[in-house]
Amino acid sequence: MLLPFIRTLPLLYYNHLLVSPDSPTLSPPYSLEKMTDLVAVWDVALSDGVHKIEFEHGTTSGKRVVYVDGKEEIRKDWMFKLVGRETFCVGAAKTKATINIDAISGFAYEYTLEINGKSLKKYMENRSKTTNTWVLHMDGENFRIVLEKDTMDVWCNGKKLETAGEFVDDGTETHFSLGNHDCYIKAVSSGKRKEGIIHTLIVDNREIPEIAS
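Procedures and definitions
Residues numbered from 1 in each chain as written. Predicted model: local features only at pLDDT ≥ 70, side-chain atom pairs only at ≥ 80, totals over all residues. Heavy atoms only, no water. Helix = DSSP H or I, 4+ residues; strand = E, 2+ residues; numbered from the N terminus. Buried < 20%, exposed > 50% of the residue type's maximum accessible area, 1.4 Å probe, protein only. Polar contact = N/O pair within 3.5 Å; in protein donor to acceptor, adjacent residues only side chain to side chain. Patch = residues over 30% accessible without salt bridge, like charges linked within 9 Å, V, L, I, M, F, W, Y side chains within 5 Å. Areas by Shrake-Rupley, 256 points an atom, 1.4 Å probe, with all protein chains shown as cover. Salt bridge = Lys/Arg side-chain N within 4 Å of Asp/Glu carboxyl O. Lys, Arg positive; Asp, Glu negative; His and termini not counted. Charge placed at Lys NZ, Arg CZ, Asp CG, Glu CD. Pairing = 2+ DSSP bridges. Axes fitted to C-alpha atoms, helices over the stretch in contact; angles between N-to-C directions. Contact = heavy atoms within 4.5 Å. Phe/Tyr/Trp six-rings, centres within 6.5 Å; stacked < 30°, edge-to-face > 60°.

A. Looking closely at the environment of Ser47. Within the fold, Ser47 resides in the loop between strand E2 (38-46) and strand E3 (49-57). Judged by its relative accessible area of 9%, Ser47 falls in the buried class. Taking the C-alpha atoms as reference points, Ser47 and Asp153, 106 residues apart in sequence, are found 9.4 Å from one another. Separated by 2.6 Å, the side chains of Ser47 and Glu148 make a polar contact.

B. Geometry of a negative patch on the surface. Taken together, the side chains of Asp139, Glu141, Asp182 and Asp204 make up a negatively charged region of the molecular surface. In this fold, Asp182 is placed in strand E16 (residues 181-189). By relative accessible area, Asp182 is classed as exposed at 57%.

C. The sheet that holds E2, seen in detail. Reading across the sheet, the four strands line up as E2-E3-E4-E5 and stay open at both edges, with antiparallel pairing between neighbours. Taken across any chain shown, the strands that pair with only one partner, and hence form the sheet edges, are E2 and strand E5 (71-76). Between one strand axis and the next, the sheet turns through 15 degrees on average, direction left out of account. In terms of strand pairing, E3 meets strand E4 (residues 64-68) through five bridges, oriented antiparallel. Each residue of the ladder has a partner; that of His57, found in E4, is Arg64.

D. Focus on the side chain of Glu148. Within the element layout of this structure, Glu148 appears in strand E11 (residues 141-148). There is no salt bridge for the buried Glu148, and the closest opposite charge comes from Arg127, which lies 5.5 Å off by N-O distance. Each residue touching Glu148, except ones within four places of it in the same chain, is listed here: Ser47, Thr130, Thr131, Asp153 and Trp155.

E. Main features of unusual backbone geometry. The phi torsion at Asp69 lies on the positive side, around 55 degrees, for a residue other than glycine. Along the polypeptide, Asp69 turns up in the loop between E4 and E5. On the basis of relative accessible area, Asp69 is assigned to the partly exposed category, the value being 44%. Even without glycine at this site, Lys94 takes up a positive phi of about 55 degrees.

F. Geometry of the packing of aromatic side chains. Under the criterion given, the structure shown has one aromatic pair. Considering the side-chain rings of Phe55 and Tyr111, the 5.7 Å spacing of their centres and the 65 degrees angle between planes classify their relative orientation as edge-to-face. Linking Phe55 in strand E3 with Tyr111 in strand E8 (residues 108-115), this pair joins segments that are 56 residues apart in sequence. Note on Tyr111: relative accessible area 0%, which makes it buried.

So, in structure tokens, the structure goes:
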């Protein structure tokens, strides 16, 4: 996760992109033009998956191009004003995202990403409190399962699942299926005020360890 991004000269940033361990590897079909104008890349984890946001900024023409998961969402080839912001939507839930372009000094620019009006860092910190995420591999396929604790919606690989909830002696269970596999998320009280409710994913009677959201 790169936040914020600072661009000085195109050639210098181009070289930085190639050597930085935190930056993506640039390979075809990237063109030379895109590599020199590509100034920021963010990976944003939402309930429907991890989305890649790329931003091109031409500091001579003012060009602005936003890509979400490789698809062009915004293109402005000529902009007299080099600073400003671009707002667009990400993912199946149409989550609002905004890229802010600010001048630092001379030819240096800073690029920051906001999600739902919060800085990316604050958004992800809040998200870790409101969601649970599990990743598992079965039947030759990877599954990324996300529980939204405020709505109890369950997502798997970008799709919201049909679920059925039921009360049990020590809490609740939210049932759903993955192919021929029976799954449920069990919610029980931790007995501690700070920890609140503990959610556990069970697949075929096997507990799946949680990962960071």
